[in-house]
Number of protein chains: 2
Amino acid sequence: MAHIFLDAMGGDNAPKSTVFGAVEALRENKELKITLAGIEEEIRPLLQDCADVMDRITVLHTPDVITNHDAPVMAVRQKKQSAIVLGMLALKEGTADGFVSSGSTGAVLAGGMFRLGRLEGVDRPALAPLLPNGKDFFCLIDCGANVDCLPAYLPQFGVMGSAYMQMMRGLKNPRVGLVNIGAENEKGNALTKEAFPLMQEAPFNFVGNVEGRDITADVADVVVCDGFCGNLILKFMEGVSTTLLGMIKREMMADTRSKLGALMAKPAFRRVKKAMNYEEVGGAPLLGVKGVVVKAHGSSNAHAIACAIRQAVTMYEKKLPENIQSGINELLSRAE
Amino acid sequence: MAHIFLDAMGGDNAPKSTVFGAVEALRENKELKITLAGIEEEIRPLLQDCADVMDRITVLHTPDVITNHDAPVMAVRQKKQSAIVLGMLALKEGTADGFVSSGSTGAVLAGGMFRLGRLEGVDRPALAPLLPNGKDFFCLIDCGANVDCLPAYLPQFGVMGSAYMQMMRGLKNPRVGLVNIGAENEKGNALTKEAFPLMQEAPFNFVGNVEGRDITADVADVVVCDGFCGNLILKFMEGVSTTLLGMIKREMMADTRSKLGALMAKPAFRRVKKAMNYEEVGGAPLLGVKGVVVKAHGSSNAHAIACAIRQAVTMYEKKLPENIQSGINELLSRAE
C-alpha cells in the first residue's frame, strides 16, 4: 500500500482543496493511505463525511506553517514542525512513499535540497511539469528551480526528463531537445553552446536544438532549458493562450453572425479547453531528489490535488527516483 | 525628400518582393526616392511597368551578395560590393537616410556594428520588433542581436525602446518592463537582479518586472530582455498561436454543428488574424546605431517591404537616432 504525505495547508484553497483532494484520491485507489499534515483543528471538521476512508487517513498536527511570504531556505531550517519539513524527513526515513504540496514552491525546493537531499551525482534538482502541445504533452525541465545554470546541469535535466516520460507516459525513447535560438548546432548563448556537445554525449535520444516556434510543435517530448527560460515558457504559454482566446471571444461577440457561430461552435471550444487543461496530468514533479516529490499548482482545487496524489503514487510504483539514479550514473560514467 | 537604400537581394522572395515593395512605397509617398541595390540584371526586368516612379529609383549594381549561409562578420568584411555593406556606408556618409533589408539578420547586425557604427555610449545595438497584445503593440527589445548580455545593456535597451515608442507610436510616457520570473523586485537570475536597480535609475517610465503571463497583457509598452529570451518570446509567441489556432480549427471541423459555427464566425476569425498581423507595422528596427536601419522578415512579401520602407522613412523624419542619443546621454549622466 502506497503512503502519500500531503501538505494539507499549502495552496490558495487549502485545507479544503487538500483534504477533499485526499478523500477523492483515497476513494479512487483502495491501495493508498494518506497523511494529512497541517493544523489539526482546521483539518478535522472537513473530514465529517469521510467515514469510508478514515481508516486510511492519518491527521498529523504540524504547528508550523510555511507560507509564500517566508524566505524558503530559512523557513525549512527554522520551521521544523511544518508539513514540508516533516514530509521530506518522512520520505528520507522511508516512512512515506511520496510527498505532495501545493504550497510555496521555494520551500518545496529548499526542503527537497536540504531536508531530503539530492540523488548521487545530481547537481540541481529540477521542476518538470507536463505541458500540452495540441497532440500530447511534453515535459518542460527546468521550469524555475534553477534560474542560473551551468552547462553540466542541462544533460542531467535531460536524463531526468527522459526517465520521467518513459515511466509516466510510456514512451520508449523520448526525444530530448534543447531550447535554443536556432536549429543549427553551433547556435546559442554561452550556456547552450557549451551544453550542446554534453547533450550529444548523454544517454538519451537527443534531437538537437528546439526553437521557440517548435516547442509546441511536437518535435521533442522533453524540452530542456535553464529555469529562467523554463519559467518564461511556462507562464508565457499561459499568457499568449489567454490573450488569443480573449481576442477570439471578443471578436465573436462583436457581430450577430459571429455570435451565433460561437454558440454553435461551443462543443469545439470545450474540447480545445479540455486538451489545454493540464490539471489531469498532475503537478510538477521535483526530479533529482531522493524520493517522490510533486509540487501542485498553488491554485489547485480538490480534483487537481487528487490528480497530483495519483501522479505521486505512479512515480513511486514505477520507481522513478531509482530510474533517474541509473540514468545519472550512466551519464557520469560516459563523462569520465 | 527622404532617400531609402534598399537591399534588393535579401529575403526569400527577393528581388521580386523588394522591387515591387519599393514601387508600392514610391507610389504611396511622392517625397521618397529609393536606391535598389543588387544584381542589376535581375532587378531591371522587374521595373518594366514602373515608368511613373522611375525618376525616383536608382538601380545600384552590387556584384557581391550576402546570403544566410555566409558567416556574418566575415561577410561584411569581405563582401564590400554588397548591398548591406554599401547601404551602411551610404548611411554613414549621409547619402542615404535609411536602410532596409530582409536579408541575413546576422549580416545586418554586423554591418550596423562595424560599417555604420554605434551611437556614443551604446554598448550593443538591439533589434526591437513590435508585437501584438490584443489591444495594441508592444516593443520587444532585444529580440536576438545580443544573446549574452551584461546588466548595463538592459537600461540602454529601455532607453532605445522608449524613444522608439514615443516617436513611432506617439506614446507620451511609454511603460518599460523587465522580463522576469516574478513580480517582486528581488526576483530573477543573475542578469535581471543586477539590471533591476539600473532600470530604476534610468530616464524612462520603469514599471518593474513583467512575468511571462503578463507580456501580452498590455502591462508594458516596452518589454526589455536579453536577446536569447527575446528570441524565445518572439518565436514561442508564433508557435503557441499556431498550435492553438490549429487546435481550434481541427476541433471546429470535427462535427457538423461546429463546422457550421466556424463558417458563421469567419469574419470574427478574420479580424483576429488581422489584429495579430504585425506586417503593417513594418520590420524590426536595429536601434542604437548611427542611422536608420530596418530588418524586415525574411519571408516578407512586397507589401511587407513597402511597410518597412514607410517605417524607415518615419524613423528618419522623427530623428529617431538623435532622440536615442539624447536618452543615452541622459542615462550615462545619471550613472556618473
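This is a predicted model, so every value here is computed, not measured.

Enquirer: Residues and numbers for the pairing of strand β1 (residues 2-7) of chain A, please.
Expert: All names here are of chain A. The element β1 is extensively covered by neighbouring structure, given that 6 of its 6 residues are classed as buried. Of the two faces of β1, the one carrying A2, I4 and L6 and the one carrying H3, F5 and D7 are both buried. Handedness of the crossover joining β1 and strand β2 (residues 32-38) through helix α1 (residues 16-28) is recorded here as right-handed. Inspection of the sheet shows β1 paired to strand β4 (residues 98-101) by 3 bridges, in the parallel sense. Considered in β4, the bridge of F5 is made with F99.

Enquirer: Break down the nonpolar core for me, citing the residues and quoting the values.
Expert: Among the nonpolar cores identified, the biggest contains 86 residues, and L140(A), V293(A), L140(B) and V293(B) are the most heavily contacted of them. Those residues in contact with V293(B) that lie beyond four places of it in its chain are M88(B), L91(B), F99(B), V108(B), L116(B), A284(B), P285(B), L286(B) and M315(B). Ranked by size, the runner-up nonpolar core spans 65 residues in total, among them A126(A), F157(A), V224(A) and I328(A).

Enquirer: Could you give an account of the interface of chain A and chain B, with specific residues and numbers?
Expert: Between chain A and chain B, the contact holds 53 residues from the first and 53 residues from the second. Carbon and sulfur atoms supply 71% of the area buried between chain A and chain B, which totals about 5,000 Å² over both sides. One can count 24 residue pairs in polar contact (both at pLDDT 80 or more) joining chain A with chain B. Broken down by secondary-structure element, the contributors of at least two residues to the side of chain A that touches chain B are α7 (190-201), α8 (227-252), α9 (256-264) and α10 (266-276) of chain A. With 20 residues, α8(A) is the single largest residue contributor to the side of chain A that touches chain B. Looking at the side of chain A that touches chain B residue by residue, the classes come out as 28 nonpolar, 14 polar and 11 charged.

Enquirer: Provide a residue-level description of the relation of the copies chain A and chain B, including the pertinent values.
Expert: Superposition record for chain A on chain B: RMSD 0.0 Å, screw rotation 180°, translation along axis 0.0 Å. Put plainly, the chains are arranged around a two-fold axis. Across chain A, the smallest distance between a C-alpha and the rotation axis is recorded for G261(A), namely 1.9 Å. By residue overlap, the copies meet face to face through one surface: 100% of the interface positions of chain A are interface positions in chain B.

Enquirer: Summarise the sheet that holds strand β7 (residues 137-141) of chain A; cite the residues concerned and give the values.
Expert: Residue and element names in this part refer to chain A. Within the open sheet, the 5 strands sit side by side as β6-β7-β10-β8-β9. Their pairing is mixed. Single-partner strands in this sheet number two, and they are β6 (130-132) and β9 (205-210). On average, each strand axis in the sheet is tilted by 30° relative to the strand beside it, whichever way the strands run. Across the sheet, helix α6 (residues 153-169) is in contact with β6, β7, β8 (175-179) and β10 (222-224); its angle to β7 comes to roughly 150°.

Enquirer: An account of the pattern of salt bridges is needed here, citing residue identities and associated values.
Expert: Scanning the entire structure with this criterion turns up 28 salt bridges over all chains. Here R175(B) ties to D218(B) by a salt bridge, and the two come within 3.0 Å at their closest N and O atoms. Highlighted residues: R175(B) in strand β8 (residues 175-179) and D218(B) in the loop between β9 (205-210) and β10 (222-224), separated in sequence by 43 residues. Residue R175(B) is classed as partly exposed on the basis of its relative accessible area of 24%. On the basis of relative accessibility, which here comes to 24%, the residue D218(B) falls in the partly exposed class. Overlapping salt bridges bring together E211(A), R213(A), K235(B) and E238(B) as one network.

Enquirer: Can you tell me about the packing of α8(A) against helix α10 (residues 266-276) of chain B, naming the residues and giving the values?
Expert: Relative to each other, α8(A) and α10(B) sit at 135°, their axes nearing to 8 Å. Taken together, the axes of α8(A) and α10(B) lie oblique to each other. α10(B) is crossed by α8(A), and the crossing has right-handed handedness. Contacts from L244(A), M247(A), I248(A), E251(A) and M252(A) in α8(A) reach A268(B), F269(B), R271(B), V272(B), A275(B) and M276(B) in α10(B). The residue inventory of the contact of α8(A) with α10(B), partitioned by class, reads 9 nonpolar, no polar and 2 charged.

Enquirer: Account for the side chain of Q311(B), naming residues and giving values.
Expert: Residues and elements named next belong to chain B. By the secondary structure assignment, Q311 is in helix α11 (residues 302-317). Q311 sits in the buried class, given a relative accessible area of 4%. Polar side-chain contacts of Q311 include one of 2.7 Å to the backbone nitrogen of G283. The residues contacting Q311, other than those within four sequence positions of it, are Y164, M168, V281, G282, G283, P285 and V294.

Enquirer: An account of α7(A) is needed here, citing residue identities and associated values.
Expert: Listed in full, the buried residues belonging to α7(A) are L191(A), T192(A), A195(A), F196(A) and M199(A). Axial view of α7(A): buried residues confined to an arc of 130°, hence all on one face. Set apart from the buried face of α7(A) by more than 90 degrees, the exposed residues are E194(A) and E201(A). Taken together, the buried residues of α7(A) touch α6, β8, β9 and β10 of chain A together with α8 (227-252) of chain B.

Enquirer: I'd like a rundown of the sheet that holds strand β5 (residues 126-127) of chain B, residues and numbers included.
Expert: By way of backbone hydrogen bonds, the strands of a sheet pair with one another, either parallel or antiparallel. Residue and element names in this part refer to chain B. With mixed pairing, the 7 strands of this open sheet are ordered in space as β3-β2-β1-β4-β12-β11-β5. Looking along the sheet, the strands with just one partner apiece sit at the ends: β3 (57-61) and β5. As judged from the 5 bridges shared by strand β2 (residues 32-38) and β3, these two strands associate in the parallel manner. If you follow A37 over to β3, its bridge partner there is L60. The strands touched by helix α4 (residues 83-93) within the sheet are β1 (2-7), β2, β3, β4 (98-101) and β12 (293-295), with β4 carrying the most contacts at an inclination of about 165°.

Enquirer: Account for α8(B), naming residues and giving values.
Expert: Taking 1.5 Å of rise per residue, the 26 residues of α8(B) would be expected to cover 38 Å, and the 37 Å separating its terminal C-alpha atoms lies within 8% of that figure. With a side-chain oxygen lying 2.8 Å from the backbone nitrogen of F228(B), the N-terminal cap of α8(B) falls on D226(B).

Quick notes on the rules
- Residues numbered from 1 in each chain as written.
- Chains lettered and ligands numbered in written order.
- Predicted model: local features only at pLDDT ≥ 70, side-chain atom pairs only at ≥ 80, totals over all residues.
- Heavy atoms only, no water.
- Buried < 20%, exposed > 50% of the residue type's maximum accessible area, 1.4 Å probe, protein only.
- Helix = DSSP H or I, 4+ residues; strand = E, 2+ residues; numbered from the N terminus.
- Right-handed = clockwise from strand over helix to strand, strands pointing away.
- Pairing = 2+ DSSP bridges.
- Core = buried A, V, L, I, M, F, W, Y, C linked by side-chain atoms within 4.5 Å.
- Contact = heavy atoms within 4.5 Å.
- Buried area = accessible area lost by both parts, 1.4 Å probe.
- Polar contact = N/O pair within 3.5 Å; in protein donor to acceptor, adjacent residues only side chain to side chain.
- Nonpolar A, V, L, I, M, F, W, Y, C, P; charged D, E, K, R; others polar.
- Least-squares fit on C-alpha atoms with pLDDT ≥ 70 in both.
- Axes fitted to C-alpha atoms, helices over the stretch in contact; angles between N-to-C directions.
- Salt bridge = Lys/Arg side-chain N within 4 Å of Asp/Glu carboxyl O.
- Parallel < 35°, antiparallel > 145°, perpendicular 65-115°, else oblique.
- Left-handed = near helix turned anticlockwise from the far one by under 90°.
- Arc of directions from axis to C-beta.
- Expected span 1.5 Å × (residues − 1).

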